[in-house]
Amino acid sequence: MPAWDLLVRGGTLVDPAQSISARRDVAFRGGKVAAVAETLTGEATEVIDAAGALVTPGLIDIHTHVYHGLATGRHADQTSLANGVTTVVDAGSAGWMTLRGLRDYVIPTYQTRVFAFLHISATGLTINRIMPELADIKFAQVEEAARTAAENRGLVLGIKVRIAHGATGQGNQANAREALRRGRQAADLAGVRLMVHVSDTPIPLDEILEHLREGDVATHIFNGNAEQVLGPDGRIRAAVRAAKERGVVLDVGHASIHCDVKVARRAIAEGLLPTTISTDLHTPPAGRIVYNLRALMSKFLALGMTLDDVVASVTSRAAAAIGKSSELGSLVPGMTGDAVVMDLEDGHFTYADGAGNEVKATRRFGTRHVIREGRRLPAAHADQL
Ligand SMILES: [Zn+2]
């Protein structure tokens, strides 16, 4: 019997959790990583020649909307897994009233691993293209949300709340404050993380960050709205630096309008790197683009992050942000056998933001093979978009 189910040979392993960025062979057996070494000999059922390619842990996108069939949800396998994203977090598509559909009828159809943050709004994001989901604070139901999170611990990793004019009501500061308070309360009752949307907020960013502790997530961190990470003097706000220092996850949550190139460029120049890069994958309104995670990795590489740091932000740091570092986000033997074989292609590529700014890139990540639980996905699947 062959020693390995799958052997990925000759690639450059980039695995920030192990501080490896060098030529390594990686072997998989029984759905897990079995061995990593400069050269692995021994028979394998399947061998992938990764010469000239990068090998990384399976990518993790901590902000997506994959409640396919509900409102703006996307199909996780077609948009994420096909691009090397083996794990996604659905960030509040479902509230306590709508979680069961995601859990029982959508996720079981996916090969992509899915976790969720439960929206503090009972309906989740079903209605927000018509009216703000927390315009009536009655939708923010603390006990029901906390109970549902507690009853679904394997799936629900945290509570989501959107503090935005479009979520809590145009200019409605009282509602925004109460929604934030209820989100915090539900997260604390269930003993889980809190993820807060911080783009286009009716209340000061500093005030929102006061509610976030180590492990909580601020998403849309490089938005270009009034309450952004840069203060009026163009420098990083002290409250943002303090949040990062105490371990609040600063997440990109790119979408089409929540990541302004000028803000990202300035913040990175000032040394404020994102903890995690994520897509906010959803179906955007006509005329807007939502990039997949691989494209955003290329964009942030062009914005000056190092290759290792870009990979860390979608592997080791993303796994840590969702409390899954012991299983995901690295290719240490014994971990879940998720990996991606990528080419770093040379050329001229342009990445836009919602404000009309562009980033010019000379390198781009391309997916060669996706490996999920120790098995290479069929090529036909990886081609599907
Ligand atoms: Zn979102």
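As a reminder, the structure under discussion sits directly above these lines.
All values derive from a computational prediction rather than experimental measurement. (Residues numbered from 1 in each chain as written. Predicted model: local features only at pLDDT ≥ 70, side-chain atom pairs only at ≥ 80, totals over all residues. Heavy atoms only, no water.)

### Some remarks on the sheet that holds strand β7 (residues 85-91)
Okay, step 1: What the seven strands build is an open sheet, ordered β6-β7-β8-β9-β10-β11-β12; its pairing is parallel. The sheet is open, and its two edges are formed by β6 (59-64) and β12 (249-251), each paired on a single side. Between one strand axis and the next, the sheet turns through 25 degrees on average, direction left out of account.
Okay, step 2: Two elements, strand β8 (residues 113-119) and strand β9 (residues 156-162), share four bridges in a ladder whose sense is parallel. Its bridge partner lying in β9, L118 is registered against I159. (Pairing = 2+ DSSP bridges. Helix = DSSP H or I, 4+ residues; strand = E, 2+ residues; numbered from the N terminus. Axes fitted to C-alpha atoms, helices over the stretch in contact; angles between N-to-C directions.)

### Remarks on unusual backbone geometry
Okay, step 1: One non-glycine residue with positive phi stands out, namely D200, at about 60 degrees.
Okay, step 2: Within the secondary structure layout, D200 lies in the loop between β10 (193-197) and α6 (205-210).
Okay, step 3: Its relative accessible area of 34% is what places D200 among the partly exposed residues.
Okay, step 4: Phi is positive for A255, which is not a glycine, with a value near 50 degrees. (Buried < 20%, exposed > 50% of the residue type's maximum accessible area, 1.4 Å probe, protein only.)

### Here we look at the pattern of salt bridges
Close approach of charged atoms lets side chains of opposite charge pair.
Okay, step 1: Under the definition given, this model contains 23 salt bridges.
Okay, step 2: A salt bridge links E46 to R376, with the shortest nitrogen-to-oxygen separation between them at 2.5 Å. Taken as a pair, E46 in strand β4 (residues 44-49) and R376 in strand β15 (residues 375-376) lie far apart in primary sequence, 330 residues in all.
Okay, step 3: For R376, a relative accessible area of 29% puts it in the partly exposed group. (Salt bridge = Lys/Arg side-chain N within 4 Å of Asp/Glu carboxyl O.)

### A closer look at the packing of aromatic side chains
Okay, step 1: Following the criterion strictly, the structure yields two aromatic pairs and no others.
Okay, step 2: Between the aromatic rings of F222 and F300, the centroid separation amounts to 6.4 Å while the plane-to-plane angle is 25 degrees, which identifies the pairing as stacked. Placement of the pair is F222 in the loop between β11 (217-219) and α7 (238-245) and F300 in helix α9 (residues 293-302), with a sequence separation of 78 residues.
Okay, step 3: Taking the relative accessible area as the measure of exposure, F222 reaches 0% and is therefore buried. (Phe/Tyr/Trp six-rings, centres within 6.5 Å; stacked < 30°, edge-to-face > 60°.)

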